[in-house]
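Inside the fold
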Amino acid sequence: MQLKKHAMTAISYMLPLVVAAGLLIAIGNLTGGSQITNFKNGYSIPSALTTLGVWGMGLLAPVISAAIAYSIADRPGIAPGLLSGIISYNIGAGFLGGMLGGFLTGWLVAFLVKYIKVPKWAEGLVPMMIIPLLSSLIMGILMFFVVGQPIVWATNALTSFLNSMQGSARFAFGAILGGMAAFDFGGPVNKVASLFADGLLLEGVKQPEAVKILASMVPPFGVTLSWVLSKLFKHKIYTQEEEDNIKVAFPMGIVMITEGVIPLAAVDLIRMVVACSIGAAVGGGLSMTWGVESPVPSGGLFIVPAMNKPLLFLVALVIGSVVTGLILFAWKKVPSKTDEKLETGEPEEDINLDDIQIS
Amino acid sequence: MKIVGVAACTSGIAHTYIAREKVMKAAQSLGYEIHMETQGTIGTENELTPAQIEAADFVLLVVDIKIGGRERFAGKKVVEVPTNTAIKAPTKLLQAVVDKLQAS
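Residues numbered from 1 in each chain as written. Chains lettered and ligands numbered in written order. Predicted model: local features only at pLDDT ≥ 70, side-chain atom pairs only at ≥ 80, totals over all residues.

As recorded in an unreviewed UniProt entry, chain B goes by PTS fructose transporter subunit IIB and comes from Lactiplantibacillus daowaiensis.

Spelled out as structure tokens, the structure:
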């Protein structure tokens, strides 16, 4: 059913909107703005920015829903997808409701497109009237009366559970989320963690987002730190090629792209995964415990000023990176001569390519 | 062997371009002619021309998401894999596809 591909398509359309809206809210709030409730009284630029950001966040459920429906059913999915999403937003089913609404809309539209047969003279009416009307009508009733409410309850239960967590539970939650986010350097496990954090952000729970940001930066910073240590103590743990990769991974890390670490992890998977996950888990646990919140889901060090506790965030980030760096420094082996040689041949992983389909 | 392809990943800023470079390098080392388009968050770059598509023996889609312009490849042999596969083992991937094509 390609569930993952449809969800990933939605995320790829959603990301720029989340970043723009989140940053607008942050800039507006930092410059003293607040959401405008009465437009007749005049308003300041900061308030306009905050308001625009809040509206942008409100567009997320419709955009997710429309993008999923588009991914499944192509163009005819967009209009009913937007409508399913706006229902989700307005009844409080948020992000989860938008995702579910998008899938249902997409499948429904694909079904209608396939099975609606009309006489030749009415063919023009199918894409222009019949499909938009039928799909919106059916999805509208479904979302209002059937699908929406359970999700509203589930969302509320999850949000209040997360908000009520205390002490060690908070640390454990942050550690699990951080460990997951760093586990595969931007791969599927990371995406699950980050989807979860993004979803909660839309419900107004902003702490998991800070953990996600931190965990995305710990691997590159930790690796860089271990390299600096290896230079300081003249204990070589990286080959020339790995050192070149680190010089690329570090600036990528500043803007929260973990993927720069992948070339390093590819040649020493277990040590890298263990070191990075532990560092990110420690940092994530501290960040949750200290209640660091981020209103913006992406942007790396540049969005730290927008957080509620920027200094504590940086402390947690440094501690996490130091943990990763020390583990790597202590655990990584001195590269042998053969390692240096092997790398130039760029070893490829063995993967199962038997089920490749040519169509 | 002539190949055209499209690379596209979820965030559209990193994997898309890593995958393109890996596949291009692998194809060149195998002596194939290749053109790869990227559909990142910035939009489409290195767009494939109709002539390139026409001349290609197969189309390699290295994608995690739905891409635009798929109808351009109607009637061609199309192979679709996630970006991860192409990043981990680009040469083996190309060889596996070519073997299958020649066997069929």
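Having put the structure on the table, let's press on.
Comments concerning the overall build of chain A
What chain A contains, in helices and strands, is 14 helices and zero strands. For chain A, the α and β elements follow one another from N to C terminus as α-α-α-α-α-α-α-α-α-α-α-α-α-α. By its C-alpha atoms, chain A is 80 × 60 × 35 Å across when sized along the principal axes. The buried share of chain A, reckoned over its 359 residues, is 48%. Partitioning the contacts of chain A with sequence separation of at least 6, the portion at a separation of at least 24 is 73%. (Helix = DSSP H or I, 4+ residues; strand = E, 2+ residues; numbered from the N terminus. Buried ≥ 20, exposed ≤ 12 C-beta atoms within 10 Å, placed from the backbone. Contact = placed C-beta atoms within 7 Å.)

Section: the interface of chain B and chain A
Facing 24 residues of chain B, the contacting portion of chain A comprises 18 residues. Of all the elements in the fold, those that place two or more residues in the side of chain B that touches chain A are strand S5 (78-81), helix H3 (83-88) and helix H4 (90-103) of chain B. If one sorts the elements of the side of chain B that touches chain A by residue count, H4 of chain B sits on top with seven residues. Among the residues forming the side of chain B that touches chain A, the class breakdown is eleven nonpolar, seven polar and six charged. (Nonpolar A, V, L, I, M, F, W, Y, C, P; charged D, E, K, R; others polar.)

Overview of unusual backbone geometry
All names here are of chain A. Phi angles above zero are rare outside glycine, and Asp 74 is one such case at about 65°. For Asp 74, a count of 15 C-beta atoms within 10 Å corresponds to the partly exposed category. Here Lys 234, not a glycine, exhibits a phi torsion of approximately 50°, which is positive. Looking at the secondary structure, you find Lys 234 in the loop between helix H9 (207-232) and helix H10 (240-254).

Points about the UniProt feature "domain: PTS EIIB type-2" (unreviewed entry) in chain B
Within the UniProt annotation, "domain: PTS EIIB type-2" (unreviewed entry) is assigned to residues 1-99 of chain B. Across residues 1-99 of chain B one finds 37% helix and 28% strand; the C-alpha atoms that close the span lie 12 Å apart. (UniProt positions renumbered as here; feature names shortened; annotations may be inferred.)

Topic: the environment of Tyr 43 of chain A
Structurally, Tyr 43 of chain A is set in the loop between helix H1 (3-30) and helix H2 (45-58). The spatial distance from the C-alpha of Tyr 43 of chain A to the C-alpha of Gly 33 of chain A is 9.2 Å, given a sequence separation of ten residues.

Some thoughts on the domain arrangement of chain A
All names here are of chain A. As assigned here, chain A comprises domain 1 (3-164) and domain 2 (167-344). Taken residue by residue, the interface counts 18 residues in domain 1 and 15 residues in domain 2. Breaking the side of domain 1 that touches domain 2 down by element, the ones donating at least two residues are H1, helix H5 (94-115) and helix H6 (125-164). With nine residues, H1 is the largest single contributor of residues to the side of domain 1 that touches domain 2. Of the residues belonging to the side of domain 1 that touches domain 2, the class tally is 13 nonpolar, five polar and no charged. (Domains from an automatic or database assignment.)

Here we look at the sheet that holds S5 of chain B
Residues and elements named next belong to chain B. Pairing is mixed in the open sheet, where five strands are placed in the order S3-S2-S1-S4-S5. The open sheet has two edge strands with one neighbour each: strand S3 (43-45) and S5. Strand-to-strand twist across the sheet, computed as the mean angle between neighbouring axes with direction ignored, equals 15°. Two elements, strand S1 (residues 2-8) and strand S2 (residues 33-40), share six bridges in a ladder whose sense is parallel. Bridge pairing in S2 links Lys 2 to Glu 33. (Pairing = 2+ DSSP bridges. Axes fitted to C-alpha atoms, helices over the stretch in contact; angles between N-to-C directions.)

Things to note about the confidence of the model for chain B
Per-chain confidence: chain B averages 92 in pLDDT, with 100% of residues scoring 70 or above. Prediction confidence for the complex, expressed as pTM and ipTM, is 0.72 and 0.82 respectively. (pLDDT = per-residue confidence, 0-100.)

With respect to the pairing of strand S4 (residues 58-63) of chain B
Residues and elements named next belong to chain B. The pairing of S1 with S4 spans six bridges and is classified as parallel. If you follow Ala 7 over to S4, its bridge partner there is Val 62. Bridge count for S4 against S5 is four bridges, and the pairing is parallel. Looking at S5, one finds that Val 59 is bridged to Val 78.

What to know about helix H7 (residues 167-183) of chain A
Between its first and last C-alpha, H7 of chain A extends 24 Å over 17 residues, near the 24 Å set by a 1.5 Å rise per residue. When we look at burial in H7 of chain A, the residues that qualify are Phe 171, Phe 173, Gly 174, Ala 175, Leu 177, Gly 178, Gly 179, Met 180, Ala 181, Ala 182 and Phe 183 of chain A. (Expected span 1.5 Å × (residues − 1).)

Quick notes on the environment of Lys 191 of chain A
Looking at where Lys 191 of chain A falls in the secondary structure, it is placed in helix H8 (residues 188-202). With eleven residues separating them along the chain, Lys 191 of chain A and Met 180 of chain A place their C-alpha atoms 9.0 Å apart.

Observations regarding the environment of Asp 198 of chain A
Take Asp 198 of chain A: it is sitting in helix H8. Once residues lying within four places of it in the same chain are set aside, the contact partners of Asp 198 of chain A are Val 18 and Pro 297 of chain A.

Some points on the packing of helix H3 (residues 60-73) of chain A against H5 of chain A
Residues and elements named next belong to chain A. Viewed as axis vectors pointing N to C, H3 and H5 meet at an angle of 30°, and their least axial separation amounts to 7 Å. Considered as vectors, H3 and H5 are oriented roughly parallel to each other. Of the two possible hands of crossing, H3 and H5 adopt the one that is right-handed. Across the contact of H3 with H5, the residue classes tally to 17 nonpolar, nine polar and no charged. (Parallel < 35°, antiparallel > 145°, perpendicular 65-115°, else oblique. Left-handed = near helix turned anticlockwise from the far one by under 90°.)

Some details on H9 of chain A
Residues and elements named next belong to chain A. The first and last C-alpha atoms of H9 sit 36 Å apart over 26 residues, in line with the 38 Å expected at 1.5 Å per residue. Remark: the principal bend of H9, roughly 35°, maps to Val 218, with a proline, Pro 219, within the next four residues. Counting buried positions along H9 gives 21 out of 26 residues, so the element sits mostly inside the fold. (Bend = angle between axes of the 7 residues up to and from the residue.)

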